[in-house]
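Examining the three-dimensional arrangement
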Amino acid sequence: MIIRDYELKDEIGWVRCRTLAFLETAYFDNVLKQKEFYENPAIELVAEIDGQIVGLIDVEYEKEERTVCSRGEGLGGMIWHIAVHPDFSRLGIGKQLLDTAVNKANAMGLNRLEAWTRDDLWVRNWYEKMQFNEVDSYYHIYFEGDEMNHQIQNKIPKLYLVNTFAHYVGDNIDQFNNKRIHQCVCFEKNL
Ligand SMILES: CC(C)(COP(=O)(O)OP(=O)(O)OC[C@H]1O[C@@H](n2cnc3c(N)ncnc32)[C@H](O)[C@@H]1OP(=O)(O)O)[C@@H](O)C(=O)NCCC(=O)NCCS
């Protein structure tokens, strides 16, 4: 297994690896058809075995304070994507990707990494094992059908919502009983 910088030719392998890894998580329907690119510079690494992309990490980082991360002081990096192909999970690939990204982040003078993930306990446990601390959270809610229509109908005539995805940052989550709800958790690792 080698860990190296992402190259343009890796895009299909990157997309497939991410899709399969996310299929097993609360992000199962968060499918990208193309690799994401960033406004700011980024550490973009892949893990490769026999020509196959089996892991990836993307960390967009700050040249100027608070241009990428949601919190904290000094220059930080945001892990937008980290994924290991499920056929190669629990072999230390995720850790090696992170360690390599951390080395690069240190060399660039970053003081922390931030990452957001949903409520999969095993993924949270992985972040904790990697010495990340949980520092914040809010909710992702999916409303099905037209149930949110009455909320906007008066503002935009003739526009009808069909399925709605929303962020909820309040405390009364119980009012949304029976909805698809994910807690979205912020992890932070000091470098
Ligand atoms: C989180 C992830 C990157 C870890 O990569 P990995 O190479 O499998 O993990 P590592 O080998 O570095 O660490 C292994 C540890 O991770 C946890 N873990 C990984 N996969 C697991 C699984 N399927 N079930 C339970 N725990 C798991 C365990 O704590 C495991 O330790 P153990 O085997 O001693 O019990 C990978 O599982 C993944 O791609 N998850 C889905 C994508 C995702 O949720 N990304 C983060 C949100 S953006």
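Below: a short report on this structure. All values derive from a computational prediction rather than experimental measurement.

Read across the sheet, 8 strands follow the order S1-S2-S3-S4-S5-S8-S6-S7 without closing on themselves; strand pairing throughout is mixed. Edge positions in the sheet fall to strand S1 (2-5) and strand S7 (164-168), since each has one partner strand and no second. Averaged over all pairs of adjacent strands, the angle between their axes in this sheet comes to 25°, without regard to strand direction. Sheet topology places strand S3 (residues 52-61) next to strand S4 (residues 76-84); 7 bridges connect them, and they run antiparallel. The partner of Glu-60 across the bridge, within S4, is Met-78.

Here we take up the nonpolar core. Within the largest apolar cluster, 26 residues are counted, with the highest numbers of intra-cluster contacts made by Ile-57, Ile-79, Leu-98, Leu-113 and Phe-132. With 6 residues, the single largest contributor to this core is helix H2 (residues 93-107). Ignoring sequence-local partners within four residues, the contact set of Ile-79 consists of Ile-57, Asp-58, Val-59, Leu-98, Leu-113, Glu-114, Ala-115 and Phe-132. Among the nonpolar cores identified, the runner-up in size contains 13 residues, and Tyr-6, Phe-22, Tyr-27 and Ile-53 belong to it.

Conventions used here
Residues numbered from 1 in each chain as written. Predicted model: local features only at pLDDT ≥ 70, side-chain atom pairs only at ≥ 80, totals over all residues. Heavy atoms only, no water. Pairing = 2+ DSSP bridges. Helix = DSSP H or I, 4+ residues; strand = E, 2+ residues; numbered from the N terminus. Axes fitted to C-alpha atoms, helices over the stretch in contact; angles between N-to-C directions. Core = buried A, V, L, I, M, F, W, Y, C linked by side-chain atoms within 4.5 Å. Buried < 20%, exposed > 50% of the residue type's maximum accessible area, 1.4 Å probe, protein only. Contact = heavy atoms within 4.5 Å.

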